[in-house]
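# Descriptive structure summary
One letter stands for each residue in the lines below.
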Amino acid sequence: MGTPARSDTLLLLVVGLLALAVGWHFVTPFHGWGDDWAGYVLQARAIDSGAIADEMERNARLLQGGARLLGPSAYPWGFPALLWMTGGATDLSLPAMKGVGAASLALTAAATFVLARLLMPSLPALIAVAGGVLQPILVLSVDEILSDLPFLAVSMLALVVTVLQWRHGQAHRTLRWDLTTAIVVLSVLGYSIRSTGVVIPLVYGLAIALLTVDGALPLAGAIRRLAWTAGCVLAAVLLYWVLIADGSLYALSYLSSSPTVIVGRLRFFAEQALLFAPFAHLPRPLQWRALAACLLLVVTAVRRGGRIALIVLGCCALHLVLLLAIDFVGYVRYMFTILPPVVVLTIAGAYWLAREWMPRFPRSASARGAVAIALLACIAGAQLWAAPADAARIGA
């Protein structure tokens, strides 16, 4: 298990700034399609003009006039609010609104580095960031005004806070109130951006449950803290619903418990996973083998990484359960919340296997460092080089 050092503060800053620069590099002064993003922009304009109720009424009337219901009368207001806060001074210009995606990519990179650093040393952690965040599809998504990257950033930050709370509870047999408050804030923020934000408090509950199982927290104390956390989140969400209606509950209409639907969606998202690097650039026969190899490394990480790896896996599993239970197309962007945590576990598994094999070779720290740096450069360089080709392939 990794222990963050003071030198990691500089690396964290470099990782965030580099991701911000990479994301901004792919920002264009135009927008290529007109689906969800138009609704988000109209809602941001409604916030700016104070005509929220009028916008919802107008959008509902337009939707009801169609042959079938294409979406809610209003999307969750968290992302439009972010667009308004960042783009309000520039009359919601495209570059200003796309800055939300670039900033989200930077926060995701920073959170991924911290999470990876809790499982392995700095160099493997940087490789995890390169593999999990500098993905062509992710960096290209900065140019799309959609809620995927902001929600990913909030989800990753919440996962880091959850793991830090678990570490503190394990070491001191108590919970930090500031981290509990952060989970409440991130849960409400995540839900206000996308209804699948319900996963955030569930993952936190898993971490507290593990502390109780391990005897680090008394059951009564854990229940009281979880009740306080859940009560605050529910109260904030209810207040949100009272003050402003949105389409969060619209997703409930897609819930399905049909085994046929679930199996079909599992196959669909397995195919979608092959759009991520490096699978997308491998010959078809090798794609499934490479995916299976990565899953074996995830299993290795969970076996060797202890409770932290189990919490990360639990987060991925809960997101996947929602993806499988909601009978909605979704495409690859709905898997963004799973990608960085899975890559962190994959690299952690590779790290643990490498540690087992290292005694068979001369123990040269400089040689191992050179190999790790070369691997980091190859992964980051290959993925950024592939981004323009991926843009043409997926129509971004």
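What this report covers is the structure whose coordinates are included nearby. (Residues numbered from 1 in each chain as written. Predicted model: local features only at pLDDT ≥ 70, side-chain atom pairs only at ≥ 80, totals over all residues. Heavy atoms only, no water.)

### Some words on the environment of His168
- Mapped onto the fold, His168 is located in helix H8 (residues 148-172).
- Through-space distance from the C-alpha of His168 to that of Ala216 is 10.0 Å; in sequence the pair is 48 residues apart.
- Apart from the residues lying within four places of it in its own chain, the contact partners of His168 are Arg173, Thr174, Leu175 and Arg176. (Helix = DSSP H or I, 4+ residues; strand = E, 2+ residues; numbered from the N terminus. Contact = heavy atoms within 4.5 Å.)

### Overview of helix H2 (residues 36-49)
- Taking 1.5 Å of rise per residue, the 14 residues of H2 would be expected to cover 20 Å, and the 20 Å separating its terminal C-alpha atoms lies within 8% of that figure.
- Those residues of H2 lying buried are Asp36, Trp37, Gly39, Tyr40, Val41, Gln43, Ala44 and Ala46.
- Downstream of H2 by a residue or two, Gly50 has a phi angle that is positive, lying close to 75°. (Expected span 1.5 Å × (residues − 1). Buried < 20%, exposed > 50% of the residue type's maximum accessible area, 1.4 Å probe, protein only.)

### Focus on the nonpolar core
- Counting 91 residues, the largest nonpolar core has Leu83, Leu115, Met120, Leu159 and Ile311 as its most contacted members.
- Considering each element in turn, this core owes the most residues, eleven residues, to H8.
- Non-local contacts of Leu159, meaning those with residues more than four positions away in its chain, are made with Leu115, Val203, Ile311, Val312, Cys315 and Pro341. (Core = buried A, V, L, I, M, F, W, Y, C linked by side-chain atoms within 4.5 Å.)

### Digging into the environment of Gly23
- Within the secondary structure layout, Gly23 lies in helix H1 (residues 7-25).
- By relative accessible area, Gly23 is classed as buried at 0%.
- C-alpha separation for the pair Gly23 and Val139, spaced 116 residues apart in sequence, amounts to 5.4 Å.
- Beyond its immediate chain neighbours, meaning those up to four positions away, Gly23 contacts Ala102, Leu105 and Val142.

### Regarding the side chain of Ser141
- Inspection of the secondary structure puts Ser141 in helix H7 (residues 136-141).
- For Ser141, a relative accessible area of 16% corresponds to the buried category.
- Not counting residues up to four positions away in its chain, the partners in contact with Ser141 are Leu149 and Phe336.

### Considering unusual backbone geometry
- Between Ala277 and Pro278 the backbone carries a cis peptide bond, its omega angle lying at 5°.
- Assignment of secondary structure puts Pro278 in the loop between helix H12 (259-273) and helix H13 (284-325).
- For Arg173, which is not a glycine, the phi torsion comes out positive at approximately 55°.
- Inspection of the secondary structure puts Arg173 in the loop between H8 and helix H9 (177-193).

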